[in-house]
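So you can see what is in the structure, the chains are spelled out below.
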Amino acid sequence: MTIIIYDVDDTSSQDLADIAENILAENNISGYTIEKCICQDELEEYPDIALLFVDISLKKENGMDVICKLKEKKKTIPIVFVTDTTNFVIESYDMEAFGYLMKPIQTEKVHHIMDKFLKLSEKYVVRDTRGNEKLKVPLQNIEYFESKNTMIMLHLVNGQQIRTYGKLGNIEKELEHKNFLRCHQSYLINMEHISGIAEACFVMDSGKNAYIRKRDYTTMKKLFDQYIVNR
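Residue numbers restart at each chain and count upward from 1, following the sequence in its written direction. Residue-level local features of this predicted model are given only where pLDDT is at least 70; pairs of side-chain atoms are given and counted only at 80 or more, and the full residue set underlies all totals for whole chains, interfaces and linings. Each side-chain value is worked out from all heavy atoms of the structure, with water and hydrogens disregarded.

1. A short note on the pairing of strand E3 (residues 49–55)
Test applied: Under the scheme applied here, a residue whose accessible area is under 20% of the maximum for its type counts as buried, over 50% as exposed, and between as partly exposed, the area being computed with a 1.4 Å probe on protein chains only. Numbering of helices and strands runs from the N terminus, with a helix taken as a DSSP run of H or I at least four residues long and a strand as a DSSP run of E at least two residues long. By this definition, two strands are paired if DSSP reports at least two bridges between them.
With seven of seven residues buried, E3 lies mostly within the body of the structure. Across five bridges, strand E1 (residues 2–6) lies against E3 in parallel orientation. Bridge assignment links Ile5 to a residue of E3, and that residue is Phe53. For E3 and strand E4 (residues 79–83), the ladder comprises four bridges, and the chain directions are parallel. For Phe53, the partnering residue across the bridge sits in E4 and is Val80.

See the structure below:
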């Protein structure tokens, strides 16, 4: 998943990116990519926006128009207004903005917004062989788990891979009722990131295949169909 900073001011956007990156590292959070963009066309290239910071005083585009267009397509994305004026406070309230960030960027204000954002999603805790916490990955950022003997690979939406050890069955129990589907002995997949189903596998958003046990194909397809209907 991607955190987007939409700001033509390179100094403030870089400051914001650095602070957000540090906050993720301090909290051992993995699976987010931070990107900067400066126009609507660039913004539309990202299908997996998790959080958006927008400078509503853009030079060539109207920041409010950018937000309105985005909300028409993706209504649930948390959007933070970034500006050097308080003139848009009422608009931010009317549009249910996730936060309001004044320039120059203040670290403590970004901390407040990021802390609130990180509380929105449940997380899977990756542990070492002694059971100690290594890092936390928001469930929405996990595309699927793949098991190879005692090694388990987490495949994240942003292409990152995280190696850990354990039993896939234990993870399946931990994530029960969290929209994860055990479609094969070696795969536990996030149904949120299934793009389609083929004859012998689910096709994930990344284009990779997660194989389905032949005897369970009908059951797996029915469970996925139910997920689509109920989500």
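And the narrative resumes.
2. Quick look at unusual backbone geometry
In most cases, non-glycine residues show a negative phi, while peptide bonds are predominantly trans. Cis geometry is adopted by the peptide bond preceding Pro104, which originates at Lys103 and carries an omega value of -5°. Mapped onto the secondary structure, Pro104 falls in the loop between strand E5 (99–102) and helix H5 (107–118). A positive phi angle, close to 70°, is found at His177, a residue other than glycine. Structurally, the position occupied by His177 is in the loop between helix H6 (168–174) and strand E11 (180–184). Classification of His177 as exposed rests on a relative accessible area of 74%.

3. Considerations on the sheet that holds E1
We apply this condition: For helices, the fitted axis covers only the stretch in contact; all axes are lines through C-alpha atoms, and the angles between them, taken along N-to-C directions, range from 0 to 180 degrees. Contacts are residue-level and defined by heavy atoms, with any inter-residue pair within 4.5 Å sufficient.
Across the sheet, which stays open at both edges, the five strands sit in the order E2-E1-E3-E4-E5 with parallel pairing between neighbours. This sheet does not close on itself; its edge strands, each paired only once, are strand E2 (33–37) and E5. Between one strand axis and the next, the sheet turns by 20° as a mean value, whatever way the strands run. Strand direction decides the pairing type here: E1 and E2, joined by five bridges, are parallel. If you follow Ile3 over to E2, its bridge partner there is Ile34. Along the sheet, helix H1 (residues 10–26) makes contact with E1, E2, E3, E4 and E5, crossing E2 at roughly 170°. Its contacts with the sheet put H5 on E1, E3, E4 and E5, and the angle it makes with E3 is roughly 150°.

4. Re the packing of aromatic side chains
The condition that has to hold: Here a Phe, Tyr or Trp ring, Trp counted by its six-membered ring, pairs with any other such ring whose centre lies within 6.5 Å, and the pair is stacked when the planes are under 30 degrees apart, edge-to-face when over 60, and tilted otherwise. Whether a charge lies above a ring is judged from NZ of Lys or CZ of Arg, which has to be within 6 Å of the ring centre and within 35 degrees of the ring normal.
Per the counting criterion, the structure on display carries eight aromatic pairs. Ring centres 6.3 Å apart and planes at 25° place the aromatic pair Phe81 and Tyr100 in the stacked group. Taken together, the residues Phe81 in strand E4 and Tyr100 in strand E5 connect sequence positions 19 residues apart. A relative accessible area of 1% means that Phe81 is categorised as buried. Note on Tyr100: relative accessible area 23%, which makes it partly exposed. Ring plane angle 75° and centroid distance 5.6 Å describe the contact between Phe202 and Phe224, whose orientation is recorded as edge-to-face. Taken together, the positions of Phe202 in strand E14 (residues 201–204) and Phe224 in helix H7 (residues 217–230) put the pair 22 residues apart, joining distant regions of the chain. Across the pair, Phe224 and Phe202 agree in class, each one buried. Feature note: the residues Tyr124, Phe145 and Phe180 constitute an aromatic cluster, connected by ring pairs. The ring centre of Phe98 lies 4.4 Å from the NZ or CZ of Lys116, which sits over that ring.

5. What about the side chain of Asp48?
With respect to the helices, strands and loops of the structure, Asp48 is situated in the loop between helix H2 (40–43) and E3. Apart from the residues lying within four places of it in its own chain, the contact partners of Asp48 are Met1, Thr2 and Val157.

6. Focus: the sheet that holds E11
Strand order in this open sheet of five strands is E10-E9-E8-E12-E11, and the pairing throughout is antiparallel. This sheet does not close on itself; its edge strands, each paired only once, are strand E10 (161–165) and E11. Ignoring which end each strand starts from, the neighbouring axes of this sheet average 20° apart. Alignment of strand E8 (residues 142–148) against strand E12 (residues 187–190), held across three bridges, turns out to be antiparallel.

7. Brief notes about the packing of H1 against H5
This is how it is decided: Roughly parallel means an angle under 35 degrees; roughly antiparallel means over 145; roughly perpendicular covers 65 to 115; every other angle is labelled oblique. What makes a crossing left-handed is the near helix being turned counterclockwise from the far one by less than a right angle; a clockwise turn instead makes it right-handed. Think of it as three bins: nonpolar holds Ala, Val, Leu, Ile, Met, Phe, Trp, Tyr, Cys and Pro, charged holds Asp, Glu, Lys and Arg, and polar takes everything else, Gly as well.
Across the interface, H1 lies against H5 with an axial gap of 10 Å and an inter-helix angle of 50°. By the angle class used here, H1 and H5 are oblique. The handedness of the crossing between H1 and H5 comes out as right-handed. Contacts from Leu16, Ile19, Ala20, Ile23, Leu24 and Glu26 in H1 reach Thr107, Val110, His111, Met114 and Leu118 in H5. Here the contact of H1 with H5 is composed, by residue class, of eight nonpolar, two polar and one charged.

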